[in-house]
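Chain and residue survey
Spelled out, the chains give:
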There are 2 protein chains.
Amino acid sequence: MSDALEPVVKEIPPKAADLSAWYTAACLKAELVSYAPVRGCVVLRPYGFGLWENLQRELDARFKATGHENAYFPLLIPESLLTREAEHVEGFAPEVAWVTQGGSEVLTERLAIRPTSEVIIGTMYARWIESYRDLPILINQWCNVVRWEKATRPFLRTMEFLWQEGHTAHASADEARAETLAMLDVYREFAESVAAVPVYAGVKSASERFPGAVETYSIEALMPDGRALQSATSHDLGQNFAKAYDIAFTDRDQTVKHAYTTSWGMSWRMLGATIMVHGDDRGLRIPPKLAPIEVVVIPILRAGDERALEVARDVTRDLRTCGVRVRLDERDAQPGWKYAEWDVRGVPVRIEIGPRDVDAGTAVLVRRDRARGDADHKRSLARTAIADALPELLSDIHRTLYAQARAFLETHTLRLEDRAAFYEAARARAGMLDIPWCGRPECEAHVKAQTGATTRNTRPLDGDDRTCVACGEPATLRAYFAQSY
Amino acid sequence: MSDALEPVVKEIPPKAADLSAWYTAACLKAELVSYAPVRGCVVLRPYGFGLWENLQRELDARFKATGHENAYFPLLIPESLLTREAEHVEGFAPEVAWVTQGGSEVLTERLAIRPTSEVIIGTMYARWIESYRDLPILINQWCNVVRWEKATRPFLRTMEFLWQEGHTAHASADEARAETLAMLDVYREFAESVAAVPVYAGVKSASERFPGAVETYSIEALMPDGRALQSATSHDLGQNFAKAYDIAFTDRDQTVKHAYTTSWGMSWRMLGATIMVHGDDRGLRIPPKLAPIEVVVIPILRAGDERALEVARDVTRDLRTCGVRVRLDERDAQPGWKYAEWDVRGVPVRIEIGPRDVDAGTAVLVRRDRARGDADHKRSLARTAIADALPELLSDIHRTLYAQARAFLETHTLRLEDRAAFYEAARARAGMLDIPWCGRPECEAHVKAQTGATTRNTRPLDGDDRTCVACGEPATLRAYFAQSY
């Protein structure tokens, strides 16, 4: 298996010129990831893992606050078990990595490395659930999954990736639907209030549905190149898996019924969306709540005057005591070189302390979200006021990043009424194309064949419309069409 | 691949009669684990995962406090890469699960599911390290690993398990050795002050060394059946992996040198040790710092008097606000049934609130560490005093569990001076047999063949001894011998 060669990055190219080249270069130069010696795989380096840890902490707290518990299920799934839900296995078989040998033993039955865990978790639920008293079961798992894949795009497309997958079982269809929607909303709220990425939440079309689901919901973000990126999904599985894996319970009325199940997941893809949405020509701009380092402190030393170092240490210690994720950069290098490096890595706030600051009892706070020429890019502050000022400063940086991304999404969401304009915009990756849609798979397939765009998600019609902009048949839904990652 | 059948548990058998049966029954009945539909694998259920989360949180904080960062490396390792360190591959080859197919493609090179990650991490370090300025690298990874295995003993022996593996690279042999010992001490301190499990730390003999290591250190706990359980290991890898994977750096003097590396790991085995050491005939006794639920609150309702429920809710809410991990059990069941269930699950403190307590403004606190007849098993306390009393009560429970385990270890650590008595004690699993030892592999092999016992770890001679108790040759070390898990 040949090694996916890691591109050599000298400079980060301009973002607008070639988003893909910018993205790969930014991920590598910021040391988020390295390419691994296995095709299709990346290593999540400490700075990248720091992003993942913050995502985990924020999302996990939301899962727990909504009554979910974590558990861990096996990596390997016997083939005979995987094949019980027909649509599911058909959807995933082309992507499965198979274990066929253990030590020197050749296995009589192949084992799949989990591409997702409905099968193994459903099998356990069938054993654990007997009565309505055992319901609901609300479990989440943080784990790695493998889906056979030859391309390597950090966070967006890799053979192995990290994610969380929630799996729940309920006594009624209504309750399962409510869970599916509640978790979709957790994802939406997380994307907006933690990653500062605005998204559209809605229902997937049949062709984009999870194999084996009754209904799939998604949140979709818009990338700077006008393509959509599906950032999380939530599936109402109805009784499909319950029937295939025999998840049954005795209800209050003493009859035996199949349970209703759901599953929902967000992967490190969300980090890819975050990087692409917020970055600029200098590198990453990490939203503060995900930032492994919220503040970097850089002392400016002059020959014969190293007082700034001691002050910088004090400031760092104070901020750490206040719970700020702060790093002191005391490496032997020029301040300007350090500024550029921390700009690449997207640290939200830089604190510079030079000899004049030492004398004046001040420090200079620099915002990564602002362009260099902006009036409030830098400001000088009394050192004693920094700790108090930081929470609001970090919040404001979050709001700025969100507002910029929201403005982009809004200006690139086009409500089109004309068929030719729609096809043209779809081909041109003009953004989220919001149209009344007939809901027919044939119509979606035609748009895809002609333009490369598909439905991202759909919602009910919101007015007295009318006809499908894509084909002229009666509309039944509103849909966002876009080309996608 | 046939399913490992999950034993059916009605009652937990007495611990002293059959530790193995007690252990399996306690793990299942407390709902820590379930047997999975893959031979050799278990599911970590929410209550078991709660233990793991607490272990992770405590250990991770210690790693970060000592300068380590987390990262994530790929699950799959190409065979050609695995085979570069000869001893290492020889040691692990019999335990490797091999991926040979991806989708419908048959691979030209097999991929190993990581049994441990020295190989893949070493490969990355070789790319990342250029100069002495890049050293040390101090990285930890929390992940799953697979080692081919047909038996299923929850936490102790499974095909897939969860663990952490630290991997560091240094510029000098001394620094690598110091890291190895520092992490060994982190493990010892964790075992004692979090899991309340006393351990012996020391050096492994050559035959027990990690494949590819220069020196392996371990912490060893003693189980109630007189067998030792290796609970964590720390390896000084010298330059072996650096040479095999070409981890080289330019030193201050401009010469190119190979780095010195270490690795160290603790797995969910530590939970197995904790369960076995502390449990009693009623089930688990979980040390408070690992307990997913520190306190369970049980209202006692009488027909026509359900006031205790409201009070129990208030108490629960108050404790939660104080940061206590507390669960209110308001299920429709008899209090006595609930007491027994939470005893099985080993919750350190139970709070009972009945009608008389409602009137008196009190509650009854029951300690899980105490036997039922003990004077301080239960005490009544003003409800307003509970939150203040709990931290000390939980600390005292930790101390009690540790003291009991320590007393057992001490009374079952035998300093023997007579060869026949040593062989007899080794056969009888009398505990940790502490003897002056010659250090010769032949001697160790002979003891193992005759008794089943091996060296657990060794340390320098501490006096003017003398001769090896096992064989009569000159002693070079002191060693703990024991049969082991």
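Residues and elements named next belong to chain B. According to the stated counting rule, one finds 104 salt bridges over all chains in the structure shown. Between D251 and K257 there is a salt bridge, and its shortest N-O distance comes to 2.5 Å. For D251, a relative accessible area of 14% corresponds to the buried category. Where R415 meets D462, a salt bridge forms, and the shortest distance between an N and an O atom there is 3.4 Å. A residue pair is termed long-range when its members are at least 10 positions apart, and R415 in strand β20 (residues 413-415) and D462 in the loop between β22 (454-459) and β23 (477-482) qualify at 47 residues.

Bringing the interface of chain A and chain B into the picture now. Listed as interface residues are 61 residues of chain A and, on the opposing side, 61 residues of chain B. When chain A packs against chain B, close to 4,700 Å² is buried across both sides, 59% of that on carbon and sulfur atoms. For the pair chain A and chain B, the interface holds eight salt bridges. Residue contributions to the side of chain A that touches chain B peak at seven residues, all from strand β6 (residues 105-113) of chain A. Looking at the side of chain A that touches chain B, its residues break down into 36 nonpolar, nine polar and 16 charged.

The predicted model of chain A averages 95 in pLDDT, with 99% of residues at 70 or higher. Here the complex is predicted with pTM 0.96, and the ipTM for its interfaces comes to 0.96.

This paragraph deals with the relation of the copies chain A and chain B. The two copies are related by a screw motion: chain A maps onto chain B through a turn of 180° and a shift of 0.0 Å along the axis, at an RMSD of 0.0 Å. Here the copies are linked by what is in effect a two-fold axis. Closest to the rotation axis within chain A is the C-alpha of V99 of chain A, separated from it by 2.1 Å. In this assembly, 100% of the residues forming the interface of chain A have copies in chain B that are likewise at the interface, indicating an isologous arrangement.

Let us look at the sheet that holds strand β16 (residues 326-328) of chain A. All names here are of chain A. Ordered in space as β16-β15-β17-β18-β19, the five strands form an open sheet in which the pairing is mixed. One side of each edge strand has no neighbouring strand; the edge strands of this open sheet are β16 and β19 (378-382). When the angles between neighbouring strand axes are averaged without regard to direction, this sheet yields 25°. Pairing of strand β17 (residues 349-353) with strand β18 (residues 362-367), which is carried by four bridges, proceeds in the antiparallel orientation. By the bridge assignment for β18, E352 is matched with V364. Against the sheet, helix α9 (residues 307-321) touches β15 (295-299), β16 and β17, its axis set at about 165° to β15.

To continue, consider the pairing of strand β23 (residues 477-482) of chain A. Residue and element names in this part refer to chain A. Counting buried residues along β23, five of its six residues qualify, which places the element largely inside the surrounding structure. Bridge count between strand β21 (residues 432-437) and β23: five bridges; the pairing is antiparallel. Among the inter-strand pairings, P436 is bridged to a residue of β23, identified as R478. Sheet analysis places strand β22 (residues 454-459) next to β23, joined by five bridges and oriented antiparallel. Each bridged residue has a counterpart across the sheet, and for T455 the counterpart in β23 is F481.

It is worth spelling out the domain arrangement of chain A at this point. Along its sequence, chain A is carved into domain 1 (3-278), domain 2 (288-396) and domain 3 (413-482). Centre-to-centre, using C-alpha coordinates, domain 2 of chain A lies 48 Å away from domain 3 of chain A.

The final tally for this structure, using the stated rule, is 30 aromatic pairs over all chains. Aromatic pair W52 of chain A and W142 of chain A: ring centres 5.8 Å apart, planes at 85°, arrangement edge-to-face. Placement of the pair is W52 of chain A in helix α2 (residues 46-65) and W142 of chain A in strand β7 (residues 137-146), with a sequence separation of 90 residues. Both residues of the pair, W52 of chain A and W142 of chain A, belong to the buried class. Summarising the aromatic geometry, the rings of F155 of chain A and W268 of chain A are spaced 5.9 Å apart at their centres and angled 85° between planes, so their arrangement reads as edge-to-face. Of this pair, F155 of chain A sits in the loop between β7 and β8 (160-170) while W268 of chain A sits in the loop between β14 (260-267) and α8 (269-278), and the two are 113 residues apart along the sequence. The same class applies to F155 of chain A as to W268 of chain A, namely buried. Ring pairs connect the aromatic residues W52, F63, W142, Y187 and W264 of chain A, which therefore count as one cluster. Geometry around Y485 of chain B places R227 of chain B over its ring, the cationic atom sitting 4.1 Å from the centre.

What counts, and where the lines are drawn
Residues numbered from 1 in each chain as written. Chains lettered and ligands numbered in written order. Predicted model: local features only at pLDDT ≥ 70, side-chain atom pairs only at ≥ 80, totals over all residues. Heavy atoms only, no water. Salt bridge = Lys/Arg side-chain N within 4 Å of Asp/Glu carboxyl O. Buried < 20%, exposed > 50% of the residue type's maximum accessible area, 1.4 Å probe, protein only. Helix = DSSP H or I, 4+ residues; strand = E, 2+ residues; numbered from the N terminus. Contact = heavy atoms within 4.5 Å. Buried area = accessible area lost by both parts, 1.4 Å probe. Nonpolar A, V, L, I, M, F, W, Y, C, P; charged D, E, K, R; others polar. pLDDT = per-residue confidence, 0-100. Least-squares fit on C-alpha atoms with pLDDT ≥ 70 in both. Pairing = 2+ DSSP bridges. Axes fitted to C-alpha atoms, helices over the stretch in contact; angles between N-to-C directions. Domains from an automatic or database assignment. Phe/Tyr/Trp six-rings, centres within 6.5 Å; stacked < 30°, edge-to-face > 60°. Lys NZ or Arg CZ within 6 Å of the ring centre and 35° of its normal.

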